[in-house]
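Architecture at a glance
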Amino acid sequence: QVQVVESGGGLVQAGGSLRLSCTTSGLTFGDYTLGWFRQAPGKEREAVSCITSDGRRADYADSVKGRFTISRDNAKNTAYLQMNNLKPEDTAMYYCATRFFPFSCSASWRDFGYWGQGTQVTVSS
């Protein structure tokens, strides 16, 4: 059974930091591209960041570039999203998802297969 589990969300003041984790089981973690997405109430799901299976390439949304850093540890079946200098507009449910094509990132949620249940990030002003 494939499982994807996010953790690390919470309530933080603007300017603060959070570190999200994504742990998978039931699949070979190193064979998948990993993406972080977020969705705020009343808004469309948007791509936040993506990292290839070998960790050599990473993409970021313009809105988070310079503030967020994605990484992965394939030996631990875990990916991370370090979020610094958080802003109220970062408030959303954050999701982790896997993509079967291991060396190509995508900003489209439709290109990702297995999804976690999400972890809530709330940033107060």
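Scroll up for the structure.
Notes on the structure follow. The model shown is predicted, which means the values in this text are computed figures rather than measured ones. (Residues numbered from 1 in each chain as written. Predicted model: local features only at pLDDT ≥ 70, side-chain atom pairs only at ≥ 80, totals over all residues. Heavy atoms only, no water.)

**Structural notes on the environment of threonine 33**
Along the chain, threonine 33 falls in strand 4 (residues 33-39). Residue class for threonine 33 comes out buried when judged on its relative accessible area of 0%. Remark: the alpha-carbon pair of threonine 33 and glycine 9, spanning 24 residues in sequence, is separated by 22 Å. A polar contact is formed between the side chain of threonine 33 and the backbone oxygen of phenylalanine 101, at a distance of 2.8 Å. (Helix = DSSP H or I, 4+ residues; strand = E, 2+ residues; numbered from the N terminus. Buried < 20%, exposed > 50% of the residue type's maximum accessible area, 1.4 Å probe, protein only. Polar contact = N/O pair within 3.5 Å; in protein donor to acceptor, adjacent residues only side chain to side chain.)

**Thoughts on the side chain of threonine 78**
Relative to the helices and strands, threonine 78 is located in strand 8 (residues 78-83). Only 3.3 Å separates the side chain of threonine 78 from the side chain of threonine 23, close enough to count as a polar contact. Contact partners of threonine 78, with chain neighbours within four places excluded, come to Ser21, Cys22, Thr23, Phe29, Arg72 and Asp73. (Contact = heavy atoms within 4.5 Å.)

**Focus on the state of the cysteines**
The full count for this structure, using the stated rule, is two disulfides. The disulfide bridge from cysteine 22 ends at cysteine 96, spanning 1.9 Å between sulfur atoms. Judged by the torsion about the S-S bond (-70°), the cysteine 22/cysteine 96 disulfide is left-handed. Here cysteine 96 lies in strand 9 (residues 92-99) and cysteine 22 lies in strand 3 (residues 18-25), a separation of 74 residues in the sequence. Both residues of the pair, cysteine 22 and cysteine 96, count as buried. Between cysteine 50 and cysteine 105 runs a disulfide, and the two sulfur atoms are separated by 2.4 Å. Here the disulfide of cysteine 50 and cysteine 105 is left-handed, its torsion about the S-S bond being about -95°. Taken together, the residues span a long stretch of sequence, with cysteine 50 in strand 5 (residues 46-51) and cysteine 105 in the loop between strand 9 and strand 10 (119-124) at a distance of 55 residues. (Disulfide = S-S within 2.5 Å.)

**Re the pairing of strand 5**
Pairing geometry for strand 4 and strand 5, over five bridges, is antiparallel. Looking across to strand 5, one finds that tryptophan 36 is bridged to serine 49. Following strand 4, the chain reverses through six residues before pairing antiparallel with strand 5; glycine 42 in that reversal takes a positive phi of roughly 80°. Both strand 5 and strand 6 (residues 58-60) contribute to a ladder of three bridges, which runs antiparallel. Residue pairing in the sheet places isoleucine 51 in a bridge with alanine 58 of strand 6. If you look at the hairpin formed by strand 5 and strand 6, you'll find six residues sitting between the two strands, and glycine 55 has a positive phi there, around 75°. (Pairing = 2+ DSSP bridges.)

**Focus on the packing of aromatic side chains**
Enumeration over the complete set of coordinates arrives at five aromatic pairs. Ring centres 6.4 Å apart and planes at 75° place the aromatic pair phenylalanine 100 and phenylalanine 101 in the edge-to-face group. The two residues phenylalanine 100 and phenylalanine 101 agree in class, both being exposed. Clustering of aromatic rings is evident, with ring pairs tying together Phe37, Tyr95, Phe112 and Trp115. In this structure, arginine 19 packs its charged tip against the face of tyrosine 80, placed 4.4 Å from the ring centre. (Phe/Tyr/Trp six-rings, centres within 6.5 Å; stacked < 30°, edge-to-face > 60°. Lys NZ or Arg CZ within 6 Å of the ring centre and 35° of its normal.)

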